[in-house]
Amino acid sequence: MTRTSSRAYAVVGVATVVAALLTGGTAAADVPFASATFRSTHNSYSGNVDGAKNSVTYQLDHGVRFLELDVHDNGYGTSHDYAIGHDSPGDLVDHANNPASNNLHDWLAVVNTWSDGHPSHAPIVVMLDLKDDLTDNPSFAAGNMTALNQELTEAFGSNLVQAMDYPAELPSVDALRGRVLTLLSGDSGSRAEYRRDLGYNPAVAINGRGQVVEVHDSGAGALWYWTGAYGADGRVTWLRHGRYDSGKTPAIALNDNGWLVEVHQSENETSLWSRIGRLGADGEITWSASKKYDSGVLPTVAFTDLAGTALREIHRSQGSTQNWEWHGALDTGASTVTWGGNAKTSDVRYDKANTVRGSSRVSVWTGADGPTPAQTLRYSTDRLASDRIRYRPTAFAEYQEGDSAELQQGALFYAAPATSASFITSARQAGRVVRGWDFDSAARATNPLANYPATNHPWDAWYQSLLTQAGAVQ
């Protein structure tokens, strides 16, 4: 027989008392997350300007555990933040007892401060309804989804539940007490890109410090990069993503000091261009201007010395199968490459899709991953069979009624208008966590009820009664 210490009994007793206080005096059993119901508001930022919700803090004080913030990104380059509002920044925003600004940072801070002050609260979901397309933001500085991830992690710190930690199923409600989950809704293209990226002609390089750089073209004339860190588990954590030039068929070489040399072909011509970059500790690349060095197609490049300054480029002639080579010298002080020694070669071009450093190997290619498109960027390593090149899964991505199959794949959170009773019911029965928005009448209740019946009138008697009967967790 196992004996339990008096200290363990005391801890259990405290937990029971806390659960009793949270449920109005009766100790409640822990429940799986997908079985729980939570008080939820629609357009939570609009307070009493649209609906009757009061401030975000008031909502949290009175048991709301799902908040919706509509987010715009088009002013990010100026404000260095996303903006709250319905159809535009500031639209339908109620600033009474809420932040005076429309900056997302300030609204997230309200939630985090409340969470810190109420460490036993049921998990809070902060949903960001993306009103703009974030896929057209060409860099971290312009507000792409790496910047959004950083804002979320900085806002909530250790309180944040990372989606990457729960790829298949969420734990029980009590296991996540005191924590905040973030959820991406809205623009479907942004949600899709958050889960995968598309490209053509990928190339990759790794150095002795485990830094990884991948480059590819868009198939429509744009050149993009990903940077990452090769981990002890053989996975690459992708850090930064951005557009850096125009062209196609890029290749990359990377030395141990973080200097990189990129070569590519012009989009509609056969001119060849090179570009120098410096990889920072944060994964961002500082690029120099590109310079033309020859004509040809399908360029490849590699460092040929341990110091990482001598280069060799091999490409194919634009008019035959003959390969040509250039030798180059990297000048880090001037951020330039001096090319010389152009000549024919019988050597094959470098394998730009596979890179090896010591025992570490990274390979890149494109291919469908279930329902994703055939141009989905993929990678493998010496210890990992296959994964997507993608943004770090910090937030969860919502699947909505009518979305594509790729957005449904692996989604834990589902959503539809509250009038879509059959969708809500079937998703609940399948064990998904479901939101029904504009839940503004008791007649819209389903059996089972949506986990998040998101209403504009949370203090109406019918809503309070319905959620109490459903055992809403707070």
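Just so it is clear, the structure is predicted and the values come from calculations on it, not from any experiment.

Rules used in this analysis
Residues numbered from 1 in each chain as written. Predicted model: local features only at pLDDT ≥ 70, side-chain atom pairs only at ≥ 80, totals over all residues. Heavy atoms only, no water. Phe/Tyr/Trp six-rings, centres within 6.5 Å; stacked < 30°, edge-to-face > 60°. Buried < 20%, exposed > 50% of the residue type's maximum accessible area, 1.4 Å probe, protein only. Lys NZ or Arg CZ within 6 Å of the ring centre and 35° of its normal. Helix = DSSP H or I, 4+ residues; strand = E, 2+ residues; numbered from the N terminus. Core = buried A, V, L, I, M, F, W, Y, C linked by side-chain atoms within 4.5 Å. Domains from an automatic or database assignment. Contact = heavy atoms within 4.5 Å. 1 Å grid on protein atoms, 1.4 Å probe; cavity = no way out; pocket = protein on both sides within 12 Å on 5 of 7 lines; lining within 4 Å. Points joined across faces, edges and corners; volume = space filled by probe spheres on them. Nonpolar A, V, L, I, M, F, W, Y, C, P; charged D, E, K, R; others polar. Pairing = 2+ DSSP bridges. Axes fitted to C-alpha atoms, helices over the stretch in contact; angles between N-to-C directions.

Asker: Hey, could you run me through the packing of aromatic side chains in this one?
Answerer: Counted according to the given criterion, the structure contains 22 aromatic pairs. Consider the rings of tryptophan 462 and tyrosine 463, whose centres lie 5.6 Å apart with planes at 90°: the pair is edge-to-face. Classification of tyrosine 463 as buried rests on a relative accessible area of 0%. An aromatic cluster is built from Phe33, Phe38, Phe66, Phe396, Phe413 and Tyr452, whose rings are joined through pairwise contacts. In this structure, arginine 240 is placed above the aromatic ring of phenylalanine 140, and the distance from its NZ or CZ to the ring centre is 3.6 Å.

Asker: Got a minute to help me understand helix α6 (residues 188-195) in this structure?
Answerer: Residues three or four positions apart in an α-helix share a direction because the helix packs 3.6 residues into each turn. In terms of burial, α6 is largely enclosed, as six of its eight residues are buried. Taken together, the buried positions of α6 are occupied by Ser190, Arg191, Ala192, Glu193, Tyr194 and Arg195.

Asker: Where do I start with the nonpolar core in this structure?
Answerer: A general tendency of soluble globular proteins is for nonpolar side chains to be buried together. Grouped together as the largest cluster of nonpolar side chains are 47 residues, with contacts concentrated most on Leu69, Leu104, Val126 and Leu128. Sort the elements by how many residues they give to this core and helix α5 (residues 145-156) lands first, with six residues. The residue makeup of this core includes at least three contributed by each of domain 1 (34-193 + 394-470) and domain 2 (197-388). Among all residues touching leucine 104, those that are not within four sequence positions of it are Leu69, Val71, Asp81, Tyr82, Ile84, Leu128, Leu148 and Glu151.

Asker: Can you help me understand the layout of surface pockets in this one?
Answerer: Gaps left between atoms show up when a probe the size of a water molecule is rolled over them. Approximately 710 Å³ is the volume attributed to the largest pocket. Forming the walls of the largest pocket are 25 residues, and the residues nearest its centre are Met164, Pro167, Asp387, Arg390 and Pro393. Secondary-structure elements contributing two or more residues to the lining of the largest pocket are α6, β10 (236-246), β23 (384-388) and β24 (396-397). In terms of residue count, the dominant contributor to the lining of the largest pocket is β10 (three residues). Here the lining of the largest pocket spans two domains, and each of domain 1 (34-193 + 394-470) and domain 2 (197-388) adds at least three residues to it. Lining the second largest pocket are 24 residues, with Ile206, Leu254, Ala302, Phe303 and Thr355 positioned closest to its centre. Counting only elements with at least two residues in the lining of the second largest pocket, the list comes to β7 (200-206), β11 (248-254), β16 (297-303) and β20 (354-357). Residues that form the lining of the second largest pocket fall into these classes: 13 nonpolar, six polar and five charged.

Asker: What's the story with the sheet that holds β16 in this structure? I'm lost.
Answerer: Strand-to-strand pairing in sheets goes through backbone hydrogen bonds, with the strands running parallel or antiparallel. Pairing within the open sheet is antiparallel, and its four strands lie in the order β16-β17-β18-β19. One side of each edge strand has no neighbouring strand; the edge strands of this open sheet are β16 and β19 (336-345). Each neighbouring strand pair of the sheet contributes to a mean axis angle of 20°, computed without reference to strand direction. Sheet topology note: the β16/strand β17 (residues 310-316) ladder contains five bridges and is antiparallel. Note that in β17 the partner of valine 297 across the bridge is arginine 316.

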